[in-house]
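A look at the structure
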Amino acid sequence: MTIYRHGTEDPRFPRPQSPTLTRCQRQPEAFDFERGDYARKAPELEQARRACSRCPLAPDCLLWALVNRSMTPVGIIAGTTPRQRTQLRTRLAARLGPDWIDVLADQEQARRHRTAEPGNAA
Ligand code: SF4
């Protein structure tokens, strides 16, 4: 199993990019929540979640956030709070085993292979 240093992005799961600025890039402060804010700022939290629900990057963004735990300890990312991301990581580990990130990386690679095959262009 590959160990990545704190704060280092797993190169198998780079942060998804968009040709246009996402809402969190245009208005990053709307996605910044400190510990304790999540209960106190319910309307702002809901606005950030709604923005993520309309974002085309959301599925890949969630995967990136789950894998790159040390880079995503706070804030709303892909519509999730830190606690929800922790719960999702726990579920992934229960379903795929302790090496769930490696399992997901293999699945991603296989998916990219299939997509790249002639006749399978998305
Ligand atoms: S889904 Fe991810 S990239 Fe899209 S707005 Fe939310 S945090 Fe930003």
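One structure accompanies this document, and this report is about it. Owing to the predicted nature of the structure, the values given are computational and were not obtained by experimental measurement.

**Observations concerning the site of the ligand**
- Residues in contact with the ligand, as listed here, are Thr22, Arg23, Cys24, Phe31, Ala51, Cys52, Cys55, Leu57, Ala58, Cys61, Ile77 and Ala78.
- Counting residues per element, the ones that place at least two in the shell around the ligand are α1 (23–26), α3 (42–53) and α4 (58–67).
- Class assignment of the residues belonging to the shell around the ligand gives a composition of ten nonpolar, one polar and one charged.

**Brief notes about the environment of Leu96**
- Mapped onto the secondary structure, Leu96 falls in helix α5 (residues 82–96).
- Owing to 14 C-beta atoms within 10 Å, Leu96 belongs among the partly exposed residues under this scheme.
- The sequence separation of Leu96 and Thr81 amounts to 15 residues, and the corresponding C-alpha distance is 22 Å.

**Notes on unusual backbone geometry**
- Of note in the backbone geometry, Ala78 takes a positive phi value of approximately 50 degrees without being a glycine.
- On the secondary structure map, Ala78 appears in the loop between α4 and α5.
- Judged by C-beta crowding, with 24 C-beta atoms within 10 Å, Ala78 ranks as buried.

**Examining the nonpolar core**
- Among the nonpolar cores identified, the biggest contains 14 residues, and Cys61, Leu62, Ala65, Ile76, Ile77 and Ala78 are the most heavily contacted of them.
- For this core, the secondary structure elements donating two or more residues are α3 and α4.
- Element by element, the count of residues in this core is highest for α4, at six residues.
- When residues no more than four places from it in sequence are discounted, the contact partners of Ile77 are Cys61, Ala65 and Thr72.

**Structural notes on the environment of Phe33**
- Mapped onto the secondary structure, Phe33 falls in the loop between α1 and α2 (37–40).
- Ignoring sequence-local partners within four residues, the contact set of Phe33 consists of Tyr38, Lys41, Leu45, Val74, Gly75 and Ile76.

About the cut-offs
Residues numbered from 1 in each chain as written. Predicted model: local features only at pLDDT ≥ 70, side-chain atom pairs only at ≥ 80, totals over all residues. Near = placed C-beta within 6 Å. Helix = DSSP H or I, 4+ residues; strand = E, 2+ residues; numbered from the N terminus. Nonpolar A, V, L, I, M, F, W, Y, C, P; charged D, E, K, R; others polar. Buried ≥ 20, exposed ≤ 12 C-beta atoms within 10 Å, placed from the backbone. Core = buried A, V, L, I, M, F, W, Y, C linked by C-beta atoms within 7 Å. Contact = placed C-beta atoms within 7 Å.

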